Amino acid sequence: MKIYLDTANLQEIETALKWGVLDGVTTNPTLIAREGRDPDIHFKDILKLVYPRPVSLEVVSEDAEGMIKEARELSNLSDNVVVKIPMTPDGIKAVTILSNEGIKTNVTLIFTPMQALLAAKAGATYVSPFMGRLDDRGWDGVKLVEEIVDIFWNYDFDTEIIAASTRSVRHVKEVALLGVDIVTMPFKVLKQMFNHPLTDEGIERFKSDWQALQQKLGK
Ligand code: E4P
């Protein structure tokens, strides 16, 4: 399973890269706005830092023509750009044209299996079902991912599934058990994946036993 960070923060990306566990990055307009920098400069910094791993950058136009224009400009920035397109009729129209041009796309804001099916048929490289936002409203985000995994398996689609809007380590575990291709997560969740109190306790015990031996040997 590939791990992506859902962030536009350069320090978080750098830390995860040094851990050696990062396979890509997803952003959205909210995450870019949070960094407060000129998007044109910030996009380039992220793309360079993460290269050659994929980085999803989202269009803001709502009509197909505008999305296609933005997508072509974004994809010219670097060959690791994936263009994030919202799940609308115009978005799907844009994905059909862009996939024929060889531009990689990530169809975002997926909340039903049928939306994922349409995106895959249009040739999307990735689809992003949002788990957390569904859970927040009382639906079942993991179930959505499960159904998309099953449908893509039935028809052997090449489109990869990025489980998104990840809120917890439990989300990561549950979709990993389903065999999802990718999970994109906030840095906070990635950090939590390291943790267990018994790990900390074990380290403490090994340390004190080792120190006791050193003392006994007079070292
Ligand atoms: C997907 O790629 C989105 O950027 C993201 O996962 C949205 O998550 P949120 O619901 O935490 O904003």
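Residues numbered from 1 in each chain as written. Predicted model: local features only at pLDDT ≥ 70, side-chain atom pairs only at ≥ 80, totals over all residues. Heavy atoms only, no water.

Asks: In this structure, what is going on with helix 11 (residues 197–216)? I would like to understand it.
Replies: Every α-helical turn comprises 3.6 residues, leaving residues that sit three or four positions apart pointing alike. An ideal rise of 1.5 Å per residue puts 28 Å on 20 residues; helix 11 measures up with 29 Å between its terminal C-alpha atoms. Where helix 11 terminates, the next one or two residues include G218, which has phi positive at roughly 70°. (Helix = DSSP H or I, 4+ residues; strand = E, 2+ residues; numbered from the N terminus. Expected span 1.5 Å × (residues − 1).)

Asks: I would appreciate a short explanation of the layout of surface pockets in the present structure.
Replies: To find leftover empty space, one rolls a probe the size of a water molecule over the atoms. Approximately 470 Å³ is the volume found for the largest pocket. Elements supplying a minimum of two residues to the lining of the largest pocket: helix 2 (29–35) and helix 10 (187–192). Considering every element that reaches the lining of the largest pocket, the biggest residue donor is helix 2, with four residues. Looking at side-chain class alone, the lining of the largest pocket contains seven nonpolar, nine polar and eight charged residues. Its volume calculated, the second largest pocket comes out at about 270 Å³. (1 Å grid on protein atoms, 1.4 Å probe; cavity = no way out; pocket = protein on both sides within 12 Å on 5 of 7 lines; lining within 4 Å. Points joined across faces, edges and corners; volume = space filled by probe spheres on them. Nonpolar A, V, L, I, M, F, W, Y, C, P; charged D, E, K, R; others polar.)

Asks: Could you clarify how one ought to interpret the site of the ligand in this entry?
Replies: Around the ligand, the surrounding shell consists of D6, T26, N28, K84, F130, R133, A164, S165 and R167. Between the ligand and the protein, one listed contact pairs an oxygen atom with a side-chain N or O atom of S165 at 2.7 Å. Measuring from an oxygen atom of the ligand, one finds a side-chain N or O atom of R167 at 2.9 Å. Classifying every residue of the shell around the ligand by side-chain character gives two nonpolar, three polar and four charged. (Near = heavy atom within 4 Å. Polar contact = N/O pair within 3.5 Å; in protein donor to acceptor, adjacent residues only side chain to side chain.)

Asks: Got a minute to help me understand the pairing of strand 7 (residues 160–163) in this structure?
Replies: For a regular strand, side-chain orientation follows a simple rule: the groups alternate between the two sheet faces. Taken together, the two bridges between strand 6 (residues 126–129) and strand 7 define a ladder with parallel strand orientation. Bridging from a neighbouring strand, V127 pairs with I161 of strand 7. Pairing geometry for strand 7 and strand 8 (residues 182–185), over two bridges, is parallel. Opposite A163, over in strand 8, you have V183 as the bridge partner. A crossover connection joins strand 7 to the parallel strand 8 through helix 9 (residues 169–177); in handedness this β-α-β unit is right-handed. (Pairing = 2+ DSSP bridges. Right-handed = clockwise from strand over helix to strand, strands pointing away.)

Asks: Quick question: what am I supposed to make of a negative patch on the surface here?
Replies: On the surface, a cluster of negative charge is made up of D135, D140, E147 and D150. Within the fold, E147 resides in helix 8 (residues 141–155). Residue classification places E147 among the partly exposed residues on the basis of a relative accessible area of 33%. (Patch = residues over 30% accessible without salt bridge, like charges linked within 9 Å, V, L, I, M, F, W, Y side chains within 5 Å. Areas by Shrake-Rupley, 256 points an atom, 1.4 Å probe, with all protein chains shown as cover. Salt bridge = Lys/Arg side-chain N within 4 Å of Asp/Glu carboxyl O. Lys, Arg positive; Asp, Glu negative; His and termini not counted. Charge placed at Lys NZ, Arg CZ, Asp CG, Glu CD. Buried < 20%, exposed > 50% of the residue type's maximum accessible area, 1.4 Å probe, protein only.)

Asks: I would appreciate a short explanation of unusual backbone geometry in the present structure.
Replies: Glycine aside, negative phi is the norm for most residues, and most peptide bonds take the trans geometry. Cis geometry is adopted by the peptide bond preceding P52, which originates at Y51 and carries an omega value of 5°. Tracing the backbone shows P52 in the loop between helix 3 (39–50) and strand 3 (55–58). Backbone geometry at L109 places phi at a positive 65°, although glycine is not the residue there. In this structure, L109 sits in strand 5 (residues 105–110). Positioned with a positive phi, S165 is a non-glycine residue whose angle comes to about 55°. Within the secondary structure layout, S165 lies in the loop between strand 7 and helix 9. Taking the relative accessible area as the measure of exposure, S165 reaches 8% and is therefore buried.

Asks: Could you clarify how one ought to interpret the packing of aromatic side chains in this entry?
Replies: The geometry of two aromatic rings is summed up by the distance between their centres and the angle between their planes. The full count for this structure, using the stated rule, is five aromatic pairs. Note on W19 and F187: the rings are 5.7 Å apart at their centroids and 5° apart in plane angle, and the pair reads as stacked. Here W19, found in helix 1 (residues 10–19), pairs with F187, found in helix 10; they are 168 residues apart in sequence, far enough to count as distant. Residue class for W19 comes out partly exposed when judged on its relative accessible area of 35%. By relative accessible area, which is 12% here, F187 ends up buried. Taking the centre distance of 5.3 Å and the plane angle of 65° together, the rings of F152 and F157 count as edge-to-face. Members of the aromatic cluster, connected to one another through ring pairs, are W19, F187 and F194. (Phe/Tyr/Trp six-rings, centres within 6.5 Å; stacked < 30°, edge-to-face > 60°.)

Function cannot be inferred from these measures alone, as they are strictly geometric.
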